[in-house]
Structures are given as C-alpha cells and as structure tokens.
Number of protein chains: 2
Amino acid sequence: MATIKDVAARAGVSLGTASRVLSGSSQTSPDSRSRVLAAAAELGYIANGPARSLRRSRTDVLGLLVSDIRNPFFSELAHAAEQEARHHGYTMLLANANEDAEQADAYLRTFASQRIDGLLFSPQGTVSPQLAATLASGLPLVFLNRTIEGVDAPLYGTDNAEGVGHVLAWLRQRGHRDVAFIGGPDTISTGAERRAAYLAGREKHGISTDDRLLDAGDFLASGAAEAMCRVIDRGVPFTAVFGANGLTTLGAVRALRERLGAEQAARIEVVSFDDLDWFEFASPPISAVRNDASSIGRLGVRGLVDLLAGRGAPGRRIATSFVDRSRRGVQ
Amino acid sequence: MATIKDVAARAGVSLGTASRVLSGSSQTSPDSRSRVLAAAAELGYIANGPARSLRRSRTDVLGLLVSDIRNPFFSELAHAAEQEARHHGYTMLLANANEDAEQADAYLRTFASQRIDGLLFSPQGTVSPQLAATLASGLPLVFLNRTIEGVDAPLYGTDNAEGVGHVLAWLRQRGHRDVAFIGGPDTISTGAERRAAYLAGREKHGISTDDRLLDAGDFLASGAAEAMCRVIDRGVPFTAVFGANGLTTLGAVRALRERLGAEQAARIEVVSFDDLDWFEFASPPISAVRNDASSIGRLGVRGLVDLLAGRGAPGRRIATSFVDRSRRGVQ
C-alpha cells in the first residue's frame, strides 16, 4: 500500500507539504495541492484516519447535529457551516435529529465514538443523559440557533426578539388587530423566545390580547396545520396569521385553504418567521422575517474553531431583516 | 475511565448485551437498551471508535454523499436513508457536495480516511481521480438516483422515462403544443435521461419540435432562471413550461414572473419533475411528477446492507406518480 512518502515523491513536493494537503490544511498552494491529490489518486493512497487519530488525538472532523434537515433553515445553515469548516481545514459531518431527542442522543453517541474534534448542535430542548455525558467529556461545543438553559456553551443564533419586533411593527402598519399566532414548542428556546416576544409586544402594537387566537404546533407542517384548525374552530375572527417558523407557516396556509377555501383564505394576510422560496408566489404574497441561516452557520464554526484553539467564544445573536411583500399583494 | 465491563455491571446485564446495545445493534430489548444507555451516561462511558474499528475493521457507519442538501429531494432522501440505516444498526453520516465535483472528491477522501463501512453516493457526473481510488479500494458502494456510465455499482433511482411519460401525456391532454423545456446538465444522468425521454416522446404527443424552446440550467434555481430568460428572448411563443427538477421549476417560475409580470405569467401552465411543498399554492397550481425520494433512500440502504452481507444488489428503478393540479387551476 502506498505511503505518504510515496505520494510526496511522486508529486515532487516535501513530506510536510504532502501531509498538509492530505490533512485538508488550507495553507497550501493550489499547484502543490493539485499535484499531491493527483499523485495520491494515482497511487491509490488512503489516509488511515483511525490510526492517525490515535497518534495525533485529533481527527480534523467537526460534527454538526441539526434538528431537521428537511427544514430549509437548517439545510441552508448546514451548507454554510460546511463551507466555513472546509475553509478552516476541517471536514464537517452532518447528522439529523429529525426533531427527536432520542435520535439526537444516538448521534451524540456516534460522534463521541468517532472522536470528532468539536460539535455544532441545535438541541431538541433539555439536557438528556447522553448530552450530559458529552458535556462531561469536555468536547468543545457550540449551540446553533437553539440553546438549553443552564448549559455553559456559546450560542450563535437568531435575534428572536428583534425579528418578532419587525413582525409586530408590520402588523400595526397594516392595521391588523385580530391576529392568530401559531407558535412552536415552548421546550425549544426559539419557540419560547418568539412567543414571549410576541406576547410582550402585542398590546403596545394595538393587537388583540385574546388568548383564543394563540396556539402552538411542533415546528413541522403537520402539527402547525392542526394548531391552525384549533384556532379556526374557536370561532374568534382574525385578519392575519403569524407563523413562528417556515414550516409552521406552510402548515397554517394549508389549513386555511383547506378549511376556508382558496378564495377566503386569500383575504387573510400571512406573515412568517423564516423566509421561504415560495412566499413571493403565494396569494397574497407572504411577508417574512429573513433569518440569516448562513451567518449563523459561519459564525458558529468560527466560534468552535476559536474554542479549539483555546480562545474564548462569546456567542452572538445575529440580526434579522424583514421582507415586506404586502405592497405587491392583492389587498 | 469507565470500561464496557463497568457499564454492564452497573446496568445488570451481560457483557454481550452491553456490547450489542453500545454498538447500535437492533437485536436488544428496549428494557436492556435503556438500562445500558443510562448506565453508560452515568459513568461517562465513551466507546473508543477508532481503536475499536482497528480491531474489528468495521465502524458500523455508512456515508451518504448527496449532490445538494438544499434540494428538498435530497434532504427527504437523506432523512429516509438515515432512518433505514438506523433500523439496520448503522449510523449514517451525511456530506454535501453542493453540485461541485471537487467538493465531492474532498468528502470521498474524508469518508475513506474515517473508514466507513459503505457509501451511498449521488455523483456529479464523471469518474474523478478520487472516485477511481474509492472504487479501487473495494469500498461497497451504491449510487442513489444518479449514476456514472461504465461504473459497476447498483443504482437505486427514479424511473425518469416513466416520469417524463406522465408529463407528456398530461401536456397532450391539456392541449399544449408549444412547450418550453428547461432541462438540467447533460453530464448528470438524471438530466440526460429526462431530456432524452422528452425529445423522444414530444412529436408523438403533438408537441412542437422547435429546438428554440429547449434550454438547460444547472439544476439550481439561478441557472434555470437564466435558461428560461434565454428561451423567452428567442421570441417563440409557448403556453406551457416543463421544469426538469424542483429547483429548475422554481427558477423558471421566478423568471416568468420577472420578465412577463405576474398576470401574464399566470397564463402559462407549469409542470415539473419533482413535487414541491408550494406547488399547490402557485397561480395556477403546478402539476408535478412525484419523485419517491423516501423509497429511493430506503431501498438504497437495503441494497448497501445486502452488499455488506456479501449478497448481490441488483439496483432498482423506482416508479413515480403524477399529481394533476390543473383542475383546480384558473384556466
């Protein structure tokens, strides 16, 4: 089997250069990089990861455990985090908890046994036994977008209070008083923070405080549709709906159209936390808080790289923007 | 540091049971599973993956390298594949090529050095040096949805010819003669197969054979929008658009609305390969080939598990269905 020395000789570079290229370091020239990779491929060289990591006690692999890879927010975040990790010489392996705490635990265990160098994590809500073990092991960890109270790890996430502030200001400007709010689980920090910001601000913005207009789903389309139906069934009229994340808004719009018909549903304005591809095509178009998933992913990786280098990582709330599509609407 | 013997003693189970639970085997009772996991968490036990894999020469980890995790088809496929892998006692690590052959190569290298047991792969198009090295290493591999000509590995993927057949029949039934076709890259097997099936069938279905109505993007929204604009600029009128994957349709619809305005764009019927969440909300609603991403993911994992067990895996084309939303449309 070819060794790294064979690769360096074939490529005509030093052993150190070959090693840097093959370990994914960014401190190599494009020319030596392409020669080393070509030589490695020609010789069928395969780095022995497990043996190497026992010697060096690092793997240059980061783990990213997201809540739901089918949620466009998380797939965008994962994409950006992975690009940033590669920029710093790390490979990023992804795992998907599917909003399921038990599945998250199984992946925490896998990542621990694969000896990743650090973990980026969007948690499901509480400290599970496996998360406690992961924290106790001293694995460097940052939270992405969701945090767990009492756990001492930096959070890189959306500024939820600011985002909800955009929505409240828009609702007032559009003259909505009766607004249905479809939230997410209170056990997830983003669900709790968005709901708290909405409740704290609604009266000041001239919005009804009738709690029959409030309900919550599971941050997935199906649970949100059920929550929307419960609000409709309570019979309190409303002129606008606020969905607390993208898939919640999808479920709410589906329920409105199924229960009220497309024509009557089109008289209700919808506003969303998270901006999705299709909001511009809806009737009327859906205005939305644009959650900066890319920045969250990138800054989270930089924070983890700082922790790995022994520097501090303070965490950060990332600002949102608001996309007002109402002027192009039918109202 | 706690050993597996300590965990077994604390949990009150045999060493074999503790080992099976901690290696993720499905052949354990729920009761012993929960006791072993609780004991492992209490004792801070962490399996030594790299050391273990050198001894056993397997890791119980499968790799899944998808083309673009932001494409809902692949995030759905990844989700289903991961559930199926867990069912068979494997952990699935995901990597995202972002439709970039060089990035795909970097992940093939990482997976090789991490010593995964097998690979599920949606390739970018051609045999790269790193893919050649991966194939030469004998790593069990199945292709998901996309294949590379001349590579001897089973393919689990959509029946593209059958799916395009649905679209052609629908176009004829709706009376469309002038149809714009926005395809994907011919270097990707799905792009080539869908285009070939469309070209072979269009005349028989009464569809114009004017090649100025054909163009192709990159299977992402931006490239498809540019292709749609090129067709518009050629000035040949059309009454329908066929987008060759979900993101292609998104880009085409965006371009139609930007170039023609929402009102005139709504007079053009759109049909898509891949069904997306929002197609029911579009004006008019978009009919689509439903690509069974979940079955492709699940059957691909079963094929890989068969290869790992030394059994044959013949590959399989998975049937599509067609969602006709035209009756609810405005026409």
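Please refer to the structure higher up on the page.
Thresholds, definitions, all that
- Residues numbered from 1 in each chain as written.
- Chains lettered and ligands numbered in written order.
- Predicted model: local features only at pLDDT ≥ 70, side-chain atom pairs only at ≥ 80, totals over all residues.
- Heavy atoms only, no water.
- Helix = DSSP H or I, 4+ residues; strand = E, 2+ residues; numbered from the N terminus.
- Polar contact = N/O pair within 3.5 Å; in protein donor to acceptor, adjacent residues only side chain to side chain.
- Contact = heavy atoms within 4.5 Å.
- Phe/Tyr/Trp six-rings, centres within 6.5 Å; stacked < 30°, edge-to-face > 60°.
- Buried < 20%, exposed > 50% of the residue type's maximum accessible area, 1.4 Å probe, protein only.
- Lys NZ or Arg CZ within 6 Å of the ring centre and 35° of its normal.
- Pairing = 2+ DSSP bridges.
- Axes fitted to C-alpha atoms, helices over the stretch in contact; angles between N-to-C directions.

For the rest of this paragraph, the subject is the side chain of Asp275(B). Residue and element names in this part refer to chain B. Structurally, Asp275 is set in the loop between β9 (269-273) and β10 (287-290). Within the structure, Asp275 has its side chain in polar contact with the side chain of Arg290 (distance 2.8 Å). The residues touching Asp275, leaving out its near neighbours within four places in the chain, are Ala288, Val289, Arg290, Val323 and Arg325.

What follows concerns the packing of aromatic side chains. Residue and element names in this part refer to chain A. With the rule as written, the count across this model stands at 16 aromatic pairs over all chains. The interplanar angle of 40 degrees and the centroid separation of 6.2 Å between the aromatic rings of Phe121 and Phe143 together place this pair among those described as tilted. Of this pair, Phe121 sits in strand β3 (residues 118-121) while Phe143 sits in strand β4 (residues 141-144), and the two are 22 residues apart along the sequence. For Phe121, a relative accessible area of 3% corresponds to the buried category. Grouped by ring-pair contacts, the aromatic residues Phe181, Tyr198 and Phe242 constitute a single cluster. One cation-aromatic arrangement involves Arg194 over Phe273; the distance from NZ or CZ to the ring centre is 3.8 Å.

Quick look at the environment of Gln264(B) now. Take Gln264(B): it is sitting in helix α12 (residues 262-265). For the pair formed by Gln264(B) and Ser34(B), sequence separation is 230 residues and the distance between their alpha carbons is 60 Å.

Turning our eyes to something else, we now look at the sheet that holds strand β8 (residues 240-243) of chain B. Residues and elements named next belong to chain B. Sheet architecture is open: six strands sit in the order β7-β6-β8-β9-β10-β12, paired in mixed fashion. Unpaired on one side and paired on the other, β7 (214-216) and β12 (321-323) mark the two borders of the sheet. Between one strand axis and the next, the sheet turns by 15 degrees as a mean value, whatever way the strands run. The pairing of β9 with β10 spans three bridges and is parallel. Across the sheet, the residue bridging to Val271 is Ser287, located in β10. Across the face of the sheet, helix α8 (residues 160-173) comes into contact with β6 (179-183), β8, β9, β10 and β12 while running at roughly 165 degrees to β9.

Bear in mind that shape data such as this cannot, by itself, settle questions of function.
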